[in-house]
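Listed below are the residues making up each chain.
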Amino acid sequence: HSRPIYSTHVAPPRAGHNRIASVGGDDLLAVYKEVPDGIAGYNPHQPRFAVDVKVEHAHEGDINCVRWNTRDGTVLCTVGDDGVAKLWCYTTG
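Residues numbered from 1 in each chain as written. Predicted model: local features only at pLDDT ≥ 70, side-chain atom pairs only at ≥ 80, totals over all residues. Heavy atoms only, no water.

J.: Go over the sheet that holds strand β6 (residues 75-80) with me, naming the residues and quoting the values.
T.: Here three strands make up an open sheet; going across it, the order is β5-β6-β7 and the pairing antiparallel. Strands with a single pairing partner mark the edges of an open sheet, and in this sheet they are β5 (63-68) and β7 (85-89). Here the strands of the sheet are splayed against their neighbours by 20° on average, with no regard to which way each runs. Sheet topology places β5 next to β6; five bridges connect them, and they run antiparallel. Across the sheet, the residue bridging to tryptophan 68 is leucine 76, located in β6. (Pairing = 2+ DSSP bridges. Helix = DSSP H or I, 4+ residues; strand = E, 2+ residues; numbered from the N terminus. Axes fitted to C-alpha atoms, helices over the stretch in contact; angles between N-to-C directions.)

J.: So what about the nonpolar core? Which residues, and what values?
T.: Membership of the largest hydrophobic core is limited to eleven residues, which are Ala11, Ala21, Val23, Leu29, Val31, Ala58, Ile63, Val66, Trp68, Leu76 and Tyr90. Elements that contribute at least two residues to this core include exactly β2 (20-24), β3 (29-34) and β5. The element that contributes the greatest number of residues to this core is β5, accounting for three residues. Excluding its chain neighbours within four sequence positions, the residues that come into contact with valine 23 are His1, Ile5, Tyr6, Ser7, Leu28, Leu29, Ile63, Asn64, Cys65, Val66 and Thr78. (Core = buried A, V, L, I, M, F, W, Y, C linked by side-chain atoms within 4.5 Å. Buried < 20%, exposed > 50% of the residue type's maximum accessible area, 1.4 Å probe, protein only. Contact = heavy atoms within 4.5 Å.)

J.: Describe the side chain of aspartate 26, with residues and values.
T.: Looking at the secondary structure, you find aspartate 26 in the loop between β2 and β3. Although aspartate 26 lies buried, it forms no salt bridge, and the closest oppositely charged side chain, arginine 3, sits 7.2 Å away as judged by the N-O distance. At 2.8 Å, the side chain of aspartate 26 forms a polar contact with the backbone nitrogen of serine 2. (Lys, Arg positive; Asp, Glu negative; His and termini not counted. Salt bridge = Lys/Arg side-chain N within 4 Å of Asp/Glu carboxyl O. Polar contact = N/O pair within 3.5 Å; in protein donor to acceptor, adjacent residues only side chain to side chain.)

J.: I'd like a description of the pattern of salt bridges, backed by residues and values.
T.: For the structure on display, the rule yields three salt bridges. Residue aspartate 52 is joined to arginine 19 by a salt bridge in which the shortest nitrogen-to-oxygen separation is 3.2 Å. One end of the pair, aspartate 52, is in strand β4 (residues 49-55); the other, arginine 19, is in the loop between β1 (5-10) and β2, and 33 residues separate them in sequence. Its relative accessible area of 28% is what places aspartate 52 among the partly exposed residues. Among the residues examined, arginine 19 registers a relative accessible area of 13% and is labelled buried. Residue glutamate 56 is joined to lysine 54 by a salt bridge in which the shortest nitrogen-to-oxygen separation is 3.7 Å. There is no split in this pair, since glutamate 56 and lysine 54 are both exposed.

This is the structure:
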């Protein structure tokens with residue numbers, strides 16, 4: 001993100017992919033994945049994350065909130081200053 005982050009949300013455990021989503025003042029929706037254990041310097045008490053997916057200009061203005069669907073973690077909902085709520089399908093590749 002290049003501007004403040006307004007909301008983050010962790011996918012529900014039943015999703016099985018351990019992703020974190022974030023949104024903010026730069027109109028960006030980002031999904032992060034945990035860096036695997038095999039990476040040099042990995043510490044299980046301080047996990048590291050890398051960008052998995054990013055959607056630039058996901059809204060026409062700041063994005064205020066992001067939430068994963070609690071049933072399966074394949075759908076995200078974002079809400080922005082443009083007055084629109086958007087649903088996003090997420091699949092791991």
